[in-house]
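Here's the letter readout for the chains.
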Amino acid sequence: MLKTSSKSQLPAINMPSPAEDRKIIAAAKLDPDAKPLTKAQLAKMVPLRSVTGLRGRPKLANKKVLLSVRYSPQVVEYFKSTGDGWQAQMDRVLADYVARHASDAR
């Protein structure tokens, strides 16, 4: 049975002892693909935010609105059957409808 933390149901994290840590570091140094970065390499590093401006997905020019809506099962089943991107396909169909009928609403 795993020990759990008294504050949560997550398993407790057991940190290695200093002796175990030294063994782990020594083993890592023997791996040619896991060499530590040199001081020169570390000095060249910059935070990701300063390189790209912002992390994550770029902001869209026309943001979409998150809402909850109910569709008939047949409609959802049809669009899901079209495969990946079915939600974007639904959006395109509705956007086309709006474009064709926008003048009628006025």
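Going along each chain's sequence as written, the residues are numbered from 1 onward. In view of the model being predicted, local features appear only for residues whose pLDDT reaches at least 70, and side-chain atom pairs are presented and counted only at 80 or more, with totals across whole chains, interfaces and linings using the full set of residues. The side-chain quantities take in all heavy atoms of the structure and omit both hydrogens and water.

Caption draft 1: Quick peek at the confidence of the model for the chain. The score called pLDDT rates the predictor's confidence residue by residue, from a low of 0 to a high of 100. Of all residues in the chain, 84% have pLDDT values of 70 or greater, and the mean over the chain is 84. Confidence scores differ between elements of the chain, with helix α3 (residues 48-52) showing the lowest mean pLDDT of 59 and helix α4 (residues 73-81) the highest of 96. Think of it this way: any DSSP run of H or I at least four residues long counts as a helix, any run of E at least two long counts as a strand, and we number them from the N terminus.

Caption draft 2: How the structure looks around the packing of aromatic side chains. The rule is short: rings of Phe, Tyr and Trp, with Trp giving its six-membered ring, pair when the centres are within 6.5 Å, and they are stacked under 30 degrees, edge-to-face over 60, tilted in between. Counting across every chain of the model gives 1 aromatic pair. Ring plane angle 80° and centroid distance 5.2 Å describe the contact between Tyr78 and Phe79, whose orientation is recorded as edge-to-face. Relative accessibility under 20% of the residue-type maximum defines a buried residue, over 50% an exposed one, and the middle range a partly exposed one, all with a 1.4 Å probe and only protein chains included. Looking at Tyr78, the relative accessible area reads 51%, which means it is exposed. Take Phe79: its relative accessible area is 11%, and that puts it in the buried class.

Caption draft 3: Geometry of the pattern of salt bridges. Counted as salt bridges are all cases of a side-chain nitrogen of Lys or Arg within 4 Å of a carboxyl oxygen of Asp or Glu. Here the structure, examined in full by the defined rule, presents 1 salt bridge. The closest approach of N and O atoms between Lys64 and Asp91, which form a salt bridge, is 3.7 Å. On the criterion of sequence distance, the pair formed by Lys64 in the loop between α3 and α4 and Asp91 in helix α5 (residues 86-101) is long-range, its members being 27 residues apart. Judged by relative accessible area, which is 60%, Lys64 ranks as exposed. Under the relative-accessibility criterion, Asp91 is labelled partly exposed at 38%.

Caption draft 4: Structural view of the packing of α4 against α5. Interaxial angle, 0 to 180 degrees, is taken between N-to-C directions of lines fitted to C-alpha atoms, where a helix line uses only the stretch in contact. The contact between α4 and α5 brings their axes to 8 Å, and the two run at 115°. As for the relative orientation of α4 and α5, their crossing is right-handed in sense. The segment α4 lies against α5, with Val75, Phe79 and Lys80 engaging Trp86, Gln89, Met90 and Val93. Gly falls in the polar group here, along with every residue not listed as nonpolar (Ala, Val, Leu, Ile, Met, Phe, Trp, Tyr, Cys, Pro) or charged (Asp, Glu, Lys, Arg). Here the contact of α4 with α5 is composed, by residue class, of 5 nonpolar, 1 polar and 1 charged. Working rule for handedness: look at the near helix, and if it is turned counterclockwise from the far one by less than a right angle, call the crossing left-handed; if clockwise, right-handed. Any two residues whose heavy atoms approach within 4.5 Å at even a single point are treated as in contact.

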